[in-house]
Every structure is written in C-alpha cells, then in structure tokens.
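# Survey of secondary and tertiary structure
One-letter residues, chain by chain:
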Amino acid sequence: MDVGYVKNLLKNIGKELIITSDKVKLKIEITHGLKFDDIANQLLNPKALEAVEEQPSRTDNERTFRLIFKKSSQKRLCIVITEKPDGTIFVVTAFESSKKLDKLVRTRWNKRR
C-alpha cells in the first residue's frame, strides 16, 4: 500500500473527523495505556508514519488500514483506522509494540506451523 495516499488522507482531515466508540477509547486508554488525544495528534501529524498495510473492511465502501508509526528505535505505535465514505476516520484500535515483542511473537508463531 502506498504510504503517500494515507499521509495525504490524514493531512487533509480535522481533529473533529477522527472518531471512535467509547468502548474502543476506554480499551486504548486503560488496557493499552495510551491517551486518545495522543493517537489523534499522531494521525494529524503523520511525519513518523513508517508503514501502511491495507486490511479487509466490513463493507465495500470503506477502507481499513493498519498504520505503523515509529516512536523510537525500539518502539512502534500501531493504529488501525477505517476510512468512512462520509470522510471521517474511525479508530478501530491502537497499541504500542516493541522489537522484542515482535520477535517473540514471530518465534512462537513459526513454532506452531
């Protein structure tokens, strides 16, 4: 997926167009320990956007993306968003990942196969 398309999409939206449900917001803030305002600010300023992966969406007229932002040399911020037909961006989930965790998950996943 082209990172440029998503960067352009994010640069041309306002904070009021970034939405989520209360349940997702609580999950991001309590379970993952991230502030939703920080997630919204990251989306509004996508300078650290490192990678984009398009994922299957629920309906044909929506597009879902997994965005990877670089926070530091060891940490990445993963945000899953859905681009709605009305121009809003719905935040599906957000979590922090580390190289150590990624390596552990890959190792265990490969052993299962």
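Residues numbered from 1 in each chain as written. Predicted model: local features only at pLDDT ≥ 70, side-chain atom pairs only at ≥ 80, totals over all residues. Heavy atoms only, no water.

### Regarding the sheet that holds strand E1 (residues 18–19)
Operational definition: Two strands qualify as a pair provided DSSP detects at least 2 bridges between them. Secondary structure elements follow DSSP: runs of H or I no shorter than four residues count as helices, runs of E no shorter than two count as strands, and numbering proceeds from the N terminus.
As summarised here, the arrangement of the five strands in space is E1-E5-E4-E3-E2, forming an open sheet in which the pairing is mixed. Where the open sheet ends on each side, the last strands, each with one partner, are E1 and strand E2 (49–55). Here E2 runs beside strand E3 (residues 63–70); their pairing, made up of six bridges, is antiparallel. Pairing of Gln-55 across the sheet is with Thr-64, part of E3.

### Some points on the pattern of salt bridges
Convention followed: Whenever a carboxyl oxygen of Asp or Glu lies within 4 Å of a side-chain nitrogen of Lys or Arg, that contact is scored as a salt bridge. Under the scheme applied here, a residue whose accessible area is under 20% of the maximum for its type counts as buried, over 50% as exposed, and between as partly exposed, the area being computed with a 1.4 Å probe on protein chains only.
Under the defined criterion, the tally for this structure stands at six salt bridges. Among the ionic pairs, Lys-84 bridges to Glu-62, the shortest N-O distance being 3.0 Å. Here Lys-84, found in the loop between strand E4 (75–83) and strand E5 (89–98), pairs with Glu-62, found in the loop between E2 and E3; they are 22 residues apart in sequence, far enough to count as distant. Judged by its relative accessible area of 25%, Lys-84 falls in the partly exposed class. The buried category is assigned to Glu-62, whose relative accessible area is 15%. With a shortest N-O distance of 2.6 Å, Glu-96 and Lys-71 are connected by a salt bridge. Taken together, the residues Glu-96 in strand E5 and Lys-71 in the loop between E3 and E4 connect sequence positions 25 residues apart. Classification of Lys-71 by relative accessible area gives partly exposed; the value is 45%. The structure contains a network of salt bridges with shared partners spanning Lys-71, Lys-75 and Glu-96.

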